[in-house]
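Structural description and commentary
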Amino acid sequence: MYDIAIVGAGINGCSVAYEFTQVGKKVLLLDMQKVAGGGSGAAGAFISPKFSKAGELKELLHHAFVYSMEYYNTHFPHLIQNKPLLHIAQNEKDAQSLRVYKQNSSLKLLTPPNSLLKKLSLKAQNQENISINAGLVHAELLCQAMAKGATIRTHEVKNLIYEEEYWLIDELYSAKELVLATGAYKKLMPEPYIQLRGVWGHRIDVSTTTPNSHSLHQFVSISATHEGKIAIGATHNLEYHPQTSKEPYNVQNGREELLNKASQTLKLDNIKIEKDYMGLRSGSFDYMPLVGKLVMSKETLQNKNIRLKTKKPNYEEYDYYPHLTMINGSGGYGFVLAPYLAKLLTEHILQGKAISDRISPARFFARYAKKL
Ligand SMILES: Cc1cc2nc3c(=O)[nH]c(=O)nc-3n(C[C@H](O)[C@H](O)[C@H](O)COP(=O)(O)OP(=O)(O)OC[C@H]3O[C@@H](n4cnc5c(N)ncnc54)[C@H](O)[C@@H]3O)c2cc1C
């Protein structure tokens, strides 16, 4: 019997596994592929905030960015590169947001060196920009390092049954707590209000004779040179989905898109593509992640005492699956968000601390129930 079983060994599942193994819990980590075999293995993975004017996602990402930079540097210093980031506006609307962001930001702003600015394309040189200290983690090695203290099994989970105080997983494993961290893959609990969309992304590692000192973000992200290589990513492809598309993904088109977008910021000489990475991001329909307990919709809808059509629903009234939580919907910011969200989830499970309604999966149940 495990204290906790986690389904999905991407950055979300691995971050939760790390939190629990650190406090001496017996953790089972199940994945149908390998550790970081899903979207996480494809990520860059840049650690940066969201440079927008305002909004909940910007606020959440700000806290998560500050937290994860400190966290990775403390726990996994060998797997993070601390690099200055130069974020360049794509257009005038973007430039306006950056100006507002700079006025209100509590982050230390850097002055990008002239030598770097001179190397940028003329268009990029003339755009508004912002520079801060940021990071880049090694996605796969980081997930593996976080998962190290857990028992890892390659297994596709199909059937979950709650039996007298524990979860029985495919009649093979049992655990007191269950966490679903399954990314953009087929959902395990067939709850109609949980809707996640998979956004396919492609990134490449290239070797080039052009040295680069900063992470550059504009139409795509271009990493600083590391071990002679530069990472370029990522595309946002809404048409292709590995589980539903009839045609195979066109790798050549993806490469061309990435190189074309990168060249609009910085001219890279003598490029050789070293490796392609592809995967699905998992996004929610309000762009905020989903962290916490899962509402049992059938039971909750049948409960006549619960006010479902009210403007201010009380999530505490709903019926929830016992000892089951999820962590998902991180979109393009999984590596920024995961340590912070895993901390919130762990405190919730172990100490009963409340999780904000804004990231609770119950918000989607409330909307779903209202429409019925
Ligand atoms: C090309 C690309 C570039 C990106 N760049 C960045 C970046 O620079 N910075 C950043 O912060 N984020 C980036 N992201 C986003 C980030 O990768 C995701 O937000 C993150 O990987 C989500 O992690 P996850 O653990 O939720 O999902 P995943 O990593 O997809 O993990 C889910 C896991 O669950 C497993 N699974 C699913 N169902 C089952 C089942 N029934 N049984 C067993 N196992 C199951 C899958 O095999 C998979 O391994 C990028 C994403 C892509 C695709």
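Above: the structure in question.
So, a few notes on the structure that sits alongside this text. This one's a predicted model, so the numbers in the text were calculated from it and none came from an experiment.

So, about the site of the ligand. With respect to spatial proximity, 37 residues lie near the ligand, and among them D31, Q33, S40, F46 and G331 are the closest. At 3.0 Å from a nitrogen atom of the ligand is found a main-chain nitrogen or oxygen belonging to M32. Taken by itself the ligand offers 1000 Å² of open surface, and the protein chains cover 96% of this. Listing elements by their share of the shell around the ligand, those giving two or more residues are helix 1 (11-22), helix 2 (39-42), strand 10 (197-207), strand 14 (272-283) and helix 10 (334-351). Per-class residue counts for the shell around the ligand are 16 nonpolar, 18 polar and three charged.

Overall, mixed pairing links the eight strands, which are arranged 3-5-4-11-12-13-10-14 in an open sheet. Of all strands in the sheet, those bounded by a partner on one side alone are strand 3 (46-47) and strand 14. Taken together, the nine bridges between strand 4 (residues 80-88) and strand 5 (residues 129-137) define a ladder with antiparallel strand orientation. Across the sheet, the residue bridging to Q81 is L136, located in strand 5. Sheet contacts for helix 3 (residues 56-75): strand 3, strand 4 and strand 5; angle to strand 5, the most-contacted strand, approximately 40°. Helix 4 (residues 92-104) rests against strand 4 and strand 5 of the sheet, and its axis sits at about 80° to strand 5.

Evaluated as defined, the whole model comprises zero disulfides. C143 supplies the cysteine sulfur nearest to C14, a cysteine that is in no disulfide, at a spacing of 4.5 Å. Its relative accessible area of 0% is what places C14 among the buried residues.

The next point concerns the nonpolar core. I6, V16, Y72, L142, M146 and F335 are the most contacted members of the largest nonpolar core, which totals 59 residues. In terms of residue count, the dominant contributor to this core is helix 10 (nine residues). With sequence-adjacent residues up to four places away left out, M146 is seen in contact with I11, C14, S15, A17, Y18, Y71, Y72 and F76. L160, Y193, F364 and A369 belong to the second largest nonpolar core, which has 34 residues in total.

For the rest of this paragraph, the subject is the pairing of strand 2 (residues 27-31). Within strand 2, five of the five residues are buried, which leaves the element mostly enclosed by the surrounding structure. Of the two faces of strand 2, the one carrying V27, L29 and D31 and the one carrying L28 and L30 are both buried. Across four bridges, strand 1 (residues 2-7) lies against strand 2 in parallel orientation. Across the sheet, residue I4 finds its bridge partner in strand 2, namely V27. Since strand 1 and strand 2 lie parallel, the crossover through helix 1 that links them has a hand, and here it is right-handed. Relative to strand 6 (residues 151-154), strand 2 runs parallel, the two sharing four bridges. Bridge assignment links L30 to a residue of strand 6, and that residue is R153.

Rules and cut-offs
- Numbering of residues begins from 1 in every chain and follows the order in which that chain's sequence is written.
- At least 70 in pLDDT is required for a residue's local features to be given in this predicted model, at least 80 for side-chain atom pairs to be given and counted, and no such filter applies to totals for whole chains, interfaces and linings, which use all residues.
- Side-chain calculation: all heavy atoms of the structure are included, whereas hydrogens and water are not.
- Whether a residue is near a molecule or strand is decided by its heavy atoms; if any one of them lies within 4 Å of it, the residue is near.
- Pairing of N or O atoms within 3.5 Å defines a polar contact, subject to two protein rules: one partner must be a possible hydrogen donor and the other a possible acceptor, and residues neighboring in sequence count only if both atoms are side-chain atoms.
- Accessible surface area values rest on a Shrake-Rupley calculation with a 1.4 Å probe, where residue burial reflects the displayed protein chains alone.
- Under the DSSP-based scheme used, a helix requires at least four consecutive residues in state H or I and a strand at least two consecutive residues in state E, with every element numbered from the N terminus.
- Amino acid classes used here: Ala, Val, Leu, Ile, Met, Phe, Trp, Tyr, Cys and Pro are nonpolar; Asp, Glu, Lys and Arg are charged; the rest, including Gly, are polar.
- For two strands to count as paired, DSSP must find a minimum of two bridges between them.
- Contacts are assigned to residue pairs with any non-hydrogen atoms lying within 4.5 Å of each other.
- Note on geometry: axes are lines fitted to C-alpha atoms, helical ones only across the stretch in contact, with angles between N-to-C directions running from 0 to 180 degrees.
- We call a pair of cysteine sulfur atoms a disulfide whenever their separation is within 2.5 Å.
- Burial classes: relative accessible area under 20% of the type maximum marks a residue as buried, over 50% as exposed, and values in between as partly exposed (1.4 Å probe, protein chains only).
- We call a set of buried Ala, Val, Leu, Ile, Met, Phe, Trp, Tyr and Cys residues a nonpolar core when their side-chain atoms join them within 4.5 Å.
- Looking down the strands as they point away from you, a crossover is right-handed if its path from the first strand over the helix to the second goes clockwise.

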